[in-house]
Amino acid sequence: MKDLLFAISLAIGVSACSTSPKSDELTMIIGTYTHAGSEGIYTYKFDQENGTAKSLEVIPMENPSYLTLSANQQVMYVVSEQHDETASVSAFKFDKESGKAELMNSQLTYGEDPCYVATNGKIVTTANYSGGSMSVFPLHYDGSLEPVDTIFCGNIGGPDMSRQETPHVHCTVFSPDGKQLLATDFSADRILHFDVESASSKPHLKLENTPITADSGPRHIIFSHDGKYVYIISELSEAVTVCSYNEGNMQVIQTIETHPQADRHAADIHLSPDGKFLYASVRNKEDGLAIFKVDTVTGLLEKVGYQPTGKHPRNFNITPNGKYILVADMNDNKIEIFERDLQTGLLTNTQRDIQLSMPVCIIFAK
């Protein structure tokens, strides 16, 4: 089946209070689903040395299921994951000290259920799951969003007729240098690759693709810190695929399982700050995080452990110092705080959960 490609041009623990920010304090920002009591985006101060948190602000918004920050951390981009024509992405001025945010503007995604947002400082992209597309938004000088400039559609072709019957794009990730962009084409079992042409006023993107194992359903992507390897977590196969990466050229070099009892619902993937360990979340009868040791020379993985978590660990994140992993257990209405062993990569539950209705995304500002 020919690729579909079209462009639309359109004009809670509590930490001790302090009078000044502590060097080990982060501002934690949490996106949620709002149909079960949540009000929107929640911000906290998180002490990455002792693993405690205190609440800051609540920013009202419907279904802010994924968010990201600009490089200077002064603008926050957030999707509103709506299953209709109101689906949108918003830009907020963000104050990382107070945790407060002020809406700058919003733009329609023209794709239902946007579930991921990314930026390279020149454009913003959203992955629209039910819309089966990626939307591209140029940015104004102040970081606010222009209307959608281009939409790229995903494709079908995977064998699962219940999960891959229509196109789904699940995430969009810029390369470390911001010049390339990868997107997961879930229903076609492949990774879409784009070159971002920075010379034009409205970036032009060229389409290529890298096939991965059939019936895998690629979901989330991360780059190694040096940009030489790409790691892909696939939802349906619950496997991690490792690819070498060189100036946009990708080649699969390893596929490794996360859990022997795959239930076709893997979710998120992250590297430790030192690049020595990789974690992947799995949502099945034994919800948890698969733990892998990374060969930093070859990029290859060795599974070294599995940490059980609460129900439906849709998203997680690692503190910049590498000491803690925070896991958003959507169906348990909490965020679990795990302490990392920096030498083995293994985790210990601190039992200091943050109670919050349907958390689905965690990011940090420092």
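Remember, predicted model here, so these are calculated numbers, not experimental data.

Analysis parameters
Residues numbered from 1 in each chain as written. Predicted model: local features only at pLDDT ≥ 70, side-chain atom pairs only at ≥ 80, totals over all residues. Heavy atoms only, no water. Helix = DSSP H or I, 4+ residues; strand = E, 2+ residues; numbered from the N terminus. Buried < 20%, exposed > 50% of the residue type's maximum accessible area, 1.4 Å probe, protein only. Pairing = 2+ DSSP bridges. Phe/Tyr/Trp six-rings, centres within 6.5 Å; stacked < 30°, edge-to-face > 60°. Axes fitted to C-alpha atoms, helices over the stretch in contact; angles between N-to-C directions. pLDDT = per-residue confidence, 0-100. Contact = heavy atoms within 4.5 Å. Core = buried A, V, L, I, M, F, W, Y, C linked by side-chain atoms within 4.5 Å. Polar contact = N/O pair within 3.5 Å; in protein donor to acceptor, adjacent residues only side chain to side chain. Salt bridge = Lys/Arg side-chain N within 4 Å of Asp/Glu carboxyl O.

**Student:** Pulling in residues and values, what's your account of unusual backbone geometry?
**Tutor:** At Asp 113, a position not held by glycine, the phi torsion is positive, near 55°. Here Asp 113 shows up in the loop between strand E7 (100-108) and strand E8 (114-119). Overall, the relative accessible area of 10% leaves Asp 113 in the buried class. Although it is not a glycine, Gln 351 adopts a positive phi angle of roughly 65°. Mapped onto the elements, Gln 351 comes out in the loop between strand E27 (347-349) and strand E28 (354-355). Overall, the relative accessible area of 62% leaves Gln 351 in the exposed class.

**Student:** Let's hear about the pairing of strand E1 (residues 25-32): which residues, and what values?
**Tutor:** Two faces, one strand: in a regular strand the side chains alternate between the faces of the sheet. Judged by how many residues are buried, E1 sits mostly within the fold: 8 of 8 residues are covered. On E1, burial covers both faces: Glu 25, Thr 27, Ile 29 and Gly 31 on one face and Leu 26, Met 28, Ile 30 and Thr 32 on the other are all buried. Sheet topology places E1 next to strand E2 (residues 40-47); 6 bridges connect them, and they run antiparallel. Looking at the pairing, Ile 30 lines up with Tyr 42 of E2. Of the strand pairs in this sheet, E1 and strand E29 (residues 359-365) are connected by 6 bridges, and their pairing is antiparallel. Paired with Gly 31 across the bridge in E29 is Cys 361.

**Student:** Describe the packing of aromatic side chains, naming the residues involved and giving the relevant values.
**Tutor:** The full count for this structure, using the stated rule, is 6 aromatic pairs. Where Tyr 129 meets Phe 186, the ring centres are 6.0 Å apart and the plane angle is 75°; that geometry is what we call edge-to-face. Residue Tyr 129 is found in the loop between strand E9 (123-128) and strand E10 (133-138), and its partner Phe 186 is found in the loop between strand E13 (180-185) and strand E14 (190-197); the two are separated by 57 residues along the sequence. Through successive ring pairs, a cluster of aromatic residues spans Phe 46, Tyr 324 and Phe 364.

**Student:** I'd like a rundown of the sheet that holds E2, residues and numbers included.
**Tutor:** Taken together, 4 strands build an open sheet; the order of strands is E3-E2-E1-E29 and the sheet is antiparallel. Of all strands in the sheet, those with a lone pairing partner are strand E3 (52-60) and E29, marking the two edges. Strand-to-strand twist in this sheet, taken as the mean axis angle between neighbours without regard to direction, amounts to 25°.

**Student:** An account of the confidence of the model for the chain is needed here, citing residue identities and associated values.
**Tutor:** In the predicted model, the chain carries a mean pLDDT of 92, and 92% of its residues have values of at least 70. Across residues 1-19, where pLDDT falls below 50, the model places 43 contacts with residues more than four positions away in sequence or in other chains.

**Student:** Quick rundown of the nonpolar core? Include the residues and the values.
**Tutor:** Side chains of nonpolar character tend, in soluble globular proteins, to be buried together. By size, the foremost hydrophobic cluster in this structure holds 53 residues, and its most contacted members are Met 76 and Val 230. Here this core gets 5 residues from one element, more than from any other, and that element is strand E5 (residues 75-80). Non-local contacts of Met 76, meaning those with residues more than four positions away in its chain, are made with Ile 29, Ile 41, Ile 59, Thr 68, Leu 69, Ser 90, Ala 91, Phe 92, Phe 94 and Ala 101.

**Student:** Tell me about the side chain of His 168, and please be specific about residues and values.
**Tutor:** Position of His 168 among the secondary structure elements: in the loop between strand E11 (150-153) and strand E12 (169-174). Overall, the relative accessible area of 7% leaves His 168 in the buried class. When near neighbours in sequence (up to four residues on either side) are disregarded, His 168 contacts Tyr 129, Ser 130, Gly 132, Arg 163, Thr 184, Asp 185, Phe 186 and Ser 187.

**Student:** Can you break down the sheet that holds E11 residue by residue, with the values?
**Tutor:** Adjacent strands of a sheet pair through backbone hydrogen bonds, lying either parallel or antiparallel. Reading across from one edge, E8-E9-E10-E11 is the order of the 4 strands in this open sheet, with antiparallel pairing throughout. On the outer flanks of this sheet lie E8 and E11, each paired with one strand and no other. Between one strand axis and the next, the sheet turns by 20° as a mean value, whatever way the strands run. For E9 and E10, the ladder comprises 6 bridges, and the chain directions are antiparallel. Its bridge partner being in E10, Thr 125 is matched across the sheet by Val 136.

**Student:** Account for the environment of His 168, with residues named and values stated.
**Tutor:** Remark: the alpha-carbon pair of His 168 and Ile 233, spanning 65 residues in sequence, is separated by 15 Å. Side-chain polar atoms of His 168 contact the backbone oxygen of Tyr 129, separated by 2.9 Å. Of note is the side chain of His 168, whose polar atom sits 3.5 Å from the side chain of Thr 166.

**Student:** Tell me what's going on with the side chain of Gln 48, and back it up with residues and numbers.
**Tutor:** Looking at the secondary structure, you find Gln 48 in the loop between E2 and E3. Excluding anything up to four places from it in sequence, Gln 48 contacts Asp 24, Leu 26, Thr 319, Pro 320, Asn 321, Lys 323, Tyr 324 and Lys 366.

**Student:** So, the pattern of salt bridges: which residues are in play, and what are the values?
**Tutor:** Under the criterion given, the structure shown has 11 salt bridges. Residue Glu 81 is joined to Arg 314 by a salt bridge in which the shortest nitrogen-to-oxygen separation is 3.8 Å. You can see Glu 81 sitting in the loop between E5 and strand E6 (88-95) and its partner Arg 314 sitting in strand E24 (residues 313-318), a full 233 residues away along the chain. The class for Glu 81 is buried, based on a relative accessible area of 12%. Residue class for Arg 314 comes out buried when judged on its relative accessible area of 12%. Glu 235 serves as the salt-bridge partner of Arg 219, at 2.9 Å between the closest nitrogen and oxygen. With Arg 219 in strand E16 (residues 218-223) and Glu 235 in the loop between strand E17 (229-234) and strand E18 (239-246), the pair connects residues that are 16 residues apart, well separated along the chain. Each member of the pair Arg 219 and Glu 235 is classed as buried.

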